Every structure is written in structure tokens, then in C-alpha cells.
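Secondary and tertiary structure notes
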Amino acid sequence: MSGGLHDLTLTELAAGLSARKFSSREIADALLARIEKADKKLHAFTEVYTKEARAMADAADTARAGGFPLGPLHGLPIAYKDLCDIKGRIGTGGSKMWEKRVATETSNTVERLTAAGMFPLGKLHMVEFAFGGWGTNPLMGAPWNPWDLETHRTPGGSSSGTGVAVAARLAPAGIGSDTGGSVRIPSAFNGLVGLKVTFGRISLHGTMLLSWTLDSIGPMARSVEDCALLLNALAAPDPRDPTTLGQPLEDFAAAAKGGSIEGMRVALPDSRQLPDTLHPDVVNAWQAAGRTLESLGATVEAVRLPGWFFDLGQPAGTISTSEMFSLHRNWIEDRSKAIGDGVRARALLGKNFLPGAYAEELRNMGRRRAEFMEWMRPYDVLVTPTVPCPAIPLGEVDETSPVAAQLTRPGNYLGLCGLSMPSGLPNGLPVGVQILGKPYMERDVLKVGKAFQDATDFHRRAPDLSSLGL
């Protein structure tokens, strides 16, 4: 069924609430009913907050009836990746080992969105410890990519449940995290808009860490405007996370309002530099996106990236694996703990790096970042594909393969921000392009993303869930 409240974006829902076309309680009821019907199959939620959602939606309606000015997110729904802790609630971090773990604090992300008036639909499945790009989770179960209800395909990771819930219209938007592509990869596999923010833009307080050097929280939604709205609420200095204290702040919603991108300089890599793992449909959609941006007045320039650009996944992996092993070694090395074999094996690689390898990679990363900033100076954004292929059957996943994050990891390593945009549906499966920007230049990627969104309709496409009675 299309055309209901579930089909509306946050921005559209906010306009409807302001115009008194419907209430927050009606939004909550519509989405909870949809979750009830669809999530047995889709397996996006670890827990649904039915009572809390209805109570907080009712409270938002009461506040609106009082006539006092309210913020743009007030009375709107959100769902959280299960690494955003909520005090007194179960927080699994995607691990069966933690299925009864009760959080002792509330994450900054939940605090800020609750303060903005949003109500929670629940917590979402994820790859164990956020350590994987395909979206697999053998012990907790992998969410089902809604674009193919016959074959269980990769939902993308590690924010797998968020990707599935937002694509299936179980939530208008959700929270993910991105260490090597974990917002952008599931956004591409599920046809969503996903924003990877600059490291230090959103506080990680109360968020389960994978890598304290590369982690970032990010919104996943169905429009650029929605990502900007959520970023406005989330980007702020937090003394509990000193990495956030030096950031320049602005109204990101202004960048997502649209407008001409004439004269903006867009770098498009020479296709011969792209990894040979790329599916032809992905390359075609990316090249078409370049032509679209050119038709909108952007100066699109074919460029040669530094020769090491697409090899950065390996040093990024050394850093994140070293830090992941440091954080989780007590249970990774304990074979009695319920941890997936693939995640355990990858984490144990952190034991085998040569002494000094981690420190050396951090030093190299600083040097590469300086080099790349110099290379990027003439350009506003760099546009590449997001993932090398459309979603593959879960049974074909090689847990040791770095291919899923091959195109996204360089963005984390180089300290960039990035926006994944849906760019096509070859054979009914979504693919995406990522618009990478300089550190703290989210406004550039949002502006280019909005122009692309306005010129296409990929963000409006929805999977057919009629076989689930929807």
C-alpha cells in the first residue's frame, strides 16, 4: 500500500503536523501497525517500543495543542541502531552475548533527538560489534533486504536494521554509524540517503565504540532534507566527547533547501582507476549521475586520484581492527562467549599485527590526509560509486572479503564527510553513489545531493511489500 503516513519523509510529516492534517499518535499507530505486519519477515528491530512511542506521541500532540512554538522534529518518529545506549534498556551491540545487557547511560544521540521532541520506535539490528559491511549476523539473525522478498540478500552493514527499516517504510528515518562505510553501504543496498559526518561532528558519548579513531554516528533517511534536519539536532559540542569541541557549526537545513550548483567543482575519477570488482550496472549508474550533475551546471572534471586511494581499505582495517581488539579482547578471546565465527576471526587478526604496525598506520594516516587535502583543494566534492555491486544473496557472502567497504573506507581514513544517494535500480535492486566532501563541509555534499535528488526520482522508489499484506 502506498500513499499512507508511512510513505512520508520526516520533512513531509513535519509539514502535515504543522497543518493539523494528522497527529503524532496517528503517525505512531500507522508505523507500529506496519512493523507488526512486516518485521517477522524483515527482522529489522531488536525491540519495538510500542508503549513508549504512543505515550511520547500523545505528549507531543498535547504540546502542539498548546499553541507554543515547537521545533521541526517535534512529534516525529525515529529508530536507533542498537549501539546507541538508553539507560535501563537492553543494548546488544548486535551481539548474542549481550542480549540481556542493560545500559547504564544514555547516548548523546538519543538524548539530543529526544530533547528535539522525537519519539522512539525501537532499537534496530546490526552486525555484531558493528564489525562488518555485508550485514550478516549468524547468531542474532540478519535483517532481510526488502527489495527481494524471495531471496535473502545482503542488507548492508553494519547498520543493517536501519537500512531495512527505513527502506521498508517501518520508520521514516533511523540512526546508523559509520567506521568504514556502515551508514553508506546499507543506504546504497536499500535505496536510501545516508550521511557520513566528519569525525567529531556528533558526540559518541554513550555509543558502543568499534574504533575511537574512525567511528561516526549518522542519519539514514529517504531525503537529503531529512538528513540535514537530523544533523542540525545532532551536531553539537559535548564536553563528554572532546573530539566535538572544535567544530564549526551552521544551519545544515539551509544547504538542503536546494538551489543552483552551477560552478561547483565535482571530481569524477577516471573509470580505469576504479577497482575491478565493480559491477557494470554500478559503473553505469555512477557515470549517469556524473552526467546529471553536469547537466545541472556543475563543473564535472575527470580526474586521476592519488594511486593509493582505493588501497586505503587495508590501513583503515589495520586501525579499526587493532582498536576493536583492544576494546573487546576479553570476550573475543573467550571461546565460551556467544560470538559469531566471522566476527571473532576478523577481530583476532588484531593479535597478529607486527609490533608498531598500529602506530605506524596512524602516522601514515596523518600524512595521507595532508596529501589528500592538497589534492582535493580545487574541488568541492568527489563522486564515486558507494558499493561495488547490488545486494548479493546472503549465502554468497565471503566474510573475509573487504569488497563491501572497498569504496567507502577511504572516506573514513581521510577524515572526509560523505553522502550516499540512491542512483538506480538495475534489475530491481538499488545502487548508490557517494558524494565525498572535505572535513566539516557537510553543506557541500548536502547541496550537491539535494540537486541530484531534485533531478531524479530514485529516492521515491519503494520496495513492493504487498506479499506481506502491506
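Criteria and thresholds
Residues numbered from 1 in each chain as written. Predicted model: local features only at pLDDT ≥ 70, side-chain atom pairs only at ≥ 80, totals over all residues. Heavy atoms only, no water. Helix = DSSP H or I, 4+ residues; strand = E, 2+ residues; numbered from the N terminus. Expected span 1.5 Å × (residues − 1). Buried < 20%, exposed > 50% of the residue type's maximum accessible area, 1.4 Å probe, protein only. Arc of directions from axis to C-beta. Contact = heavy atoms within 4.5 Å. 1 Å grid on protein atoms, 1.4 Å probe; cavity = no way out; pocket = protein on both sides within 12 Å on 5 of 7 lines; lining within 4 Å. Points joined across faces, edges and corners; volume = space filled by probe spheres on them. Nonpolar A, V, L, I, M, F, W, Y, C, P; charged D, E, K, R; others polar. Salt bridge = Lys/Arg side-chain N within 4 Å of Asp/Glu carboxyl O. pLDDT = per-residue confidence, 0-100. Axes fitted to C-alpha atoms, helices over the stretch in contact; angles between N-to-C directions. Parallel < 35°, antiparallel > 145°, perpendicular 65-115°, else oblique. Left-handed = near helix turned anticlockwise from the far one by under 90°. Core = buried A, V, L, I, M, F, W, Y, C linked by side-chain atoms within 4.5 Å. Pairing = 2+ DSSP bridges.

Here helix α3 (residues 50–65) spans 23 Å end to end across 16 residues, near enough to the 22 Å set by a 1.5 Å rise per residue. For α3, the complete set of buried residues consists of Ala-53, Ala-57, Ala-60 and Arg-64. The arc enclosing the buried residues of α3, seen along the axis, measures out at 60°, which places them on a common side. Opposite its buried face, α3 presents the exposed residues Lys-51, Thr-62 and Ala-65, each directed more than 90 degrees away. For α3, the elements touching its buried residues are α1 (10–18), α2 (24–42) and β3 (119–124).

Right, let's get into the layout of surface pockets. In this structure, the largest pocket spans a volume of roughly 710 Å³. Forming the walls of the largest pocket are 39 residues, and the residues nearest its centre are Phe-131, Thr-321, Arg-346, Pro-402 and Arg-409. Counting residues per element, the ones that place at least two in the lining of the largest pocket are α10 (313–332) and α11 (341–348). Per element, the largest residue contribution to the lining of the largest pocket is seven residues, and it comes from α10. Partitioning the lining of the largest pocket into residue classes produces 15 nonpolar, 19 polar and five charged.

This part covers the pattern of salt bridges. Inspection of every chain in the model, using the stated rule, returns 28 salt bridges. Of the charged contacts in the structure, one is a salt bridge between Glu-52 and Arg-89, with a shortest N-O distance of 2.7 Å. Residue Glu-52 is found in helix α3, and its partner Arg-89 is found in the loop between β2 (77–81) and α4 (108–115); the two are separated by 37 residues along the sequence. Of the charged contacts, one joins Arg-201 and Glu-442 as a salt bridge, the two residues approaching to 2.8 Å between their closest N and O atoms. A residue pair is termed long-range when its members are at least 10 positions apart, and Arg-201 in the loop between β5 (193–196) and β6 (217–221) and Glu-442 in helix α14 (residues 442–455) qualify at 241 residues. Three or more residues are tied together by salt bridges with common partners; here these are Arg-25, Asp-29, Arg-54 and Asp-58.

Summarising the element assignment, Asp-270 is placed in the loop between β7 (265–269) and α9 (280–295). Owing to a relative accessible area of 14%, Asp-270 belongs among the buried residues under this scheme. Once residues lying within four places of it in the same chain are set aside, the contact partners of Asp-270 are Val-303 and Arg-304.

In this section: the confidence of the model for the protein. A residue-level look at the protein finds 100% of positions with pLDDT of 70 or above and a mean pLDDT of 97. Taken element by element, the predicted model of the protein shows its lowest mean pLDDT in α11 (94) and its highest in β2 (99).

With that out of the way, let us pick up the packing of α10 against helix α12 (residues 357–376). Axis separation between α10 and α12 bottoms out at 9 Å; the angle between their running directions is 130°. The angle between the axes of α10 and α12 places the two elements in the oblique class. Where α10 crosses over α12, the handedness of that crossing is left-handed. Across the interface between the two elements, Pro-315, Thr-318, Ile-319, Ser-322 and Glu-323 of α10 pack against Tyr-358, Glu-361, Leu-362 and Met-365 of α12. For the contact of α10 with α12, the per-class residue count stands at five nonpolar, two polar and two charged.

This next bit is on the nonpolar core. Core analysis: the largest hydrophobic core is formed by 126 residues, its most contacted members being Leu-73, Leu-113 and Phe-372. Tallying contributions element by element places helix α7 (residues 224–234) first for this core, with eight residues. Once you skip the residues sitting within four places of it in the chain, Phe-372 turns out to touch Leu-305, Pro-306, Trp-308, Phe-309, Leu-382, Leu-414 and Leu-416. Trp-134, Ile-185, Val-387 and Val-403 belong to the second largest nonpolar core, which has twelve residues in total.

So, about the sheet that holds β2. By way of backbone hydrogen bonds, the strands of a sheet pair with one another, either parallel or antiparallel. Taken in spatial order, the eleven strands of this open sheet run β1-β3-β2-β4-β6-β5-β10-β11-β9-β7-β8, and their pairing is mixed. Sheet topology places β1 (45–48) and β8 (299–303) at the edges, where each strand pairs with a single neighbour. The average angle at which neighbouring strand axes cross in this sheet is 25°, direction not considered. With seven bridges joining them, strand β10 (residues 417–424) and strand β11 (residues 431–437) adopt antiparallel strand pairing.

Once that is clear, we can look at the environment of Gly-161. As for its placement among the helices and strands, Gly-161 is situated in helix α5 (residues 160–167). A relative accessible area of 0% means that Gly-161 is categorised as buried. Those residues in contact with Gly-161, other than ones at most four positions away along the chain, are Ala-44, Leu-124, His-125 and Pro-143.

Now for α1. For α1, the set of buried residues is Leu-10, Leu-13, Ala-14, Gly-16 and Leu-17. Taken end-on, α1 shows its buried residues confined to a sector of 165°, consistent with a single buried face. The elements touched by buried residues of α1 are α2, α3, β2 and α7. Once α1 finishes, Arg-20 follows within two positions and takes phi at roughly 60°, a positive value.

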